[in-house]
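Observations on chain architecture
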Amino acid sequence: MNNGAQDKRCEIWAIGGGKGGTGKSFVTSSIGTHLASKGNKVVLIDADLGGANLHTLLGVSKPRNSLTDFFEKKASLKDIIVNCGIPDIGLVSGTLSSLDSENIKYAQKLKLFRQIKAIDTDYILIDLGAGSHNNTIDTFLLADKMIVVTLPEITALENMYHFIKNVFFRKLKIILSAHGLKDVIQDVWKNRDAHGIKHLKDVVEHLMGTSVHIRDIIENELATFRIHIVLNQVRSGREIMVGASVKSVCLKFLGFDAQYAGHIEYDETVLRCINKRLPFMLTHPFSHVAKEISKLTENLRDGRQITVTADKYANRRL
Amino acid sequence: MPIEDYKKYFEALELSPDSQLSEVRNSYLHLKSLYSNDSIVTSAIAYELSEEKRHDIVEQVEEAYTKLIDFFENKGSDPAGSKKPSFVVGEELKQYMSGMTSFSGELLREIREKLGVNLKDVAVFTKIRKQYFEDIEREKFSSLPAEVYLKGYIMEYARYLSLDPEKVANDYIGRYRSAMKDKGKQD
Ligand SMILES: Nc1ncnc2c1ncn2[C@@H]1O[C@H](COP(=O)(O)OP(=O)(O)OP(=O)(O)O)[C@@H](O)[C@H]1O
Ligand SMILES: [Mg+2]
């Protein structure tokens, strides 16, 4: 991937999704392993500062360095990338000794983002924690590809919708601020009753109606804003359709594009591997799960998505 | 069809305007089932999704599908090049068919054979798997897909045989439902 393309900027993928335990870290480590196996240099960053465990999924018990060194000892990011035993994968561990993730200062956050973008590699994958805290969302927005990992479960879907709505609003806010329109969204939302606004899409439509300038800004944003969906822990053919349905809901009710990158079946071997600190993709390269992860990684890389048709899946068993 | 309408219909079905007939059908079946019924995907965002809006979507999807199917049939512009069925329905058979009110799988098979078409032709034309038509004719209800999909297939099949799609589907689905209910009781 490096050959010839000298000024090729590396691609940043962020993996989030709102709910805890959906498999964000598992997916991050597996996608990373697949990319590396295809000859890419990959750096994984554990941005789940409150519950860092990406190192465990990669088979590292105690990372030599971590973001503590960055935040507390002023180490530079590139110096705290540790080897994790898998060729071409570097890890920035998130384990923190004392610092509370929500109290990271704004300046530190910017410095971290700057240094992430400066890492010399092919792919940077950022594993986010659960929840929709602003620090989490801002890290998510750093990415070229924003990936959500969700499950065919109502609570996971609820949190995911909440998360991506927040991401979208935060992005709009940032874009509008950059155009000197700092408070328009908050103002509209505060006065939503007066404007007859109930839904997210109404806010966007209202804003678009306020001026041509604002409409252009938002339309521009909508044209490029894209969420990639990974549906994890799938147990039946019918559940595979959930990803396609979520995609439709995003378009029709939230007003932006979502792509269904792929799905991963539920397999108890995943847990067994994690408990033994074995990287699943390396120990089970021929498993169905590994194949699904390879496929969805390539879809993400090439900007493709899957189309699933109900007639094939509705009654199919896995 | 005016180009704006054409675009609007494809948009309602969340497809690009170069999509094929089979994609139009698949998307229609999926969206109709998604917004006509409750599922975890819609319940999880119920606060953004009023009944009224859902109803509107189902209507838009229905309209888009009907219009696009008409368009494909008249223009024959499906890129895969499916042609009109190649048989001609004789006057006598037409009369006979228009008097029918009940459409069992057996009867559908009879009509098909009278028209001299085999299931492979139907499958190629509709881009629906042959297996489904076999099961429809044999009324193997337990192997058939969920009702919304089944209904779509029967309508396509009826349309292919120059029968009234709604009439055939309603009759067939009626029997399908009571059979499934009985089965439910047994289990
Ligand atoms: N495809 C799968 N099949 C079976 N189990 C899975 C699968 N994916 C994830 N799991 C299980 O879910 C657990 C949680 O996964 P993981 O730690 O990756 O979630 P997470 O979203 O990163 O959680 P957190 O929000 O706490 O960071 C894993 O320990 C594993 O047991
Ligand atoms: Mg995690």
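Everything numeric here is computed off the predicted structure, so don't read it as measured data.

Backbone geometry at A:Asp88 places phi at a positive 70°, although glycine is not the residue there. Topologically, A:Asp88 is positioned in the loop between strand E3 (82-83) and strand E4 (89-92). A positive phi angle is found at B:Glu139, which is not glycine, with a value near 50°. In this fold, B:Glu139 is placed in the loop between helix H8 (130-138) and helix H9 (147-160). Overall, the relative accessible area of 24% leaves B:Glu139 in the partly exposed class.

Quick look at the packing of helix H6 (residues 154-178) of chain A against helix H10 (residues 212-224) of chain A now. Residues and elements named next belong to chain A. Direction vectors running N to C along H6 and H10 enclose 135°, while the axes themselves pass 11 Å from each other. With respect to each other, H6 and H10 are oriented oblique. The way H6 lies across H10 gives a crossing that is right-handed. Mapping the contact onto sequence places Phe168, Lys171, Leu172, Ile175 and Leu176 in H6 and Ile214, Ile217, Ile218, Glu221 and Leu222 in H10.

Let us look at the interface of chain A and chain B. Note: interface size is frequently given as the accessible area lost on complex formation between the parts. Contact residues are listed per partner, giving 27 residues for chain A and 26 residues for chain B. Summing both sides of the interface, chain A and chain B together bury roughly 2300 Å²; the carbon and sulfur share of this comes to 63%. Among the ionic pairs, B:Glu48 bridges to A:Lys165, the shortest N-O distance being 2.9 Å. Between the two partners, chain A and chain B, sit nine residue pairs in polar contact (both at pLDDT 80 or more).

Calculation rules
Residues numbered from 1 in each chain as written. Chains lettered and ligands numbered in written order. Predicted model: local features only at pLDDT ≥ 70, side-chain atom pairs only at ≥ 80, totals over all residues. Heavy atoms only, no water. Helix = DSSP H or I, 4+ residues; strand = E, 2+ residues; numbered from the N terminus. Buried < 20%, exposed > 50% of the residue type's maximum accessible area, 1.4 Å probe, protein only. Axes fitted to C-alpha atoms, helices over the stretch in contact; angles between N-to-C directions. Parallel < 35°, antiparallel > 145°, perpendicular 65-115°, else oblique. Left-handed = near helix turned anticlockwise from the far one by under 90°. Contact = heavy atoms within 4.5 Å. Buried area = accessible area lost by both parts, 1.4 Å probe. Salt bridge = Lys/Arg side-chain N within 4 Å of Asp/Glu carboxyl O. Polar contact = N/O pair within 3.5 Å; in protein donor to acceptor, adjacent residues only side chain to side chain.

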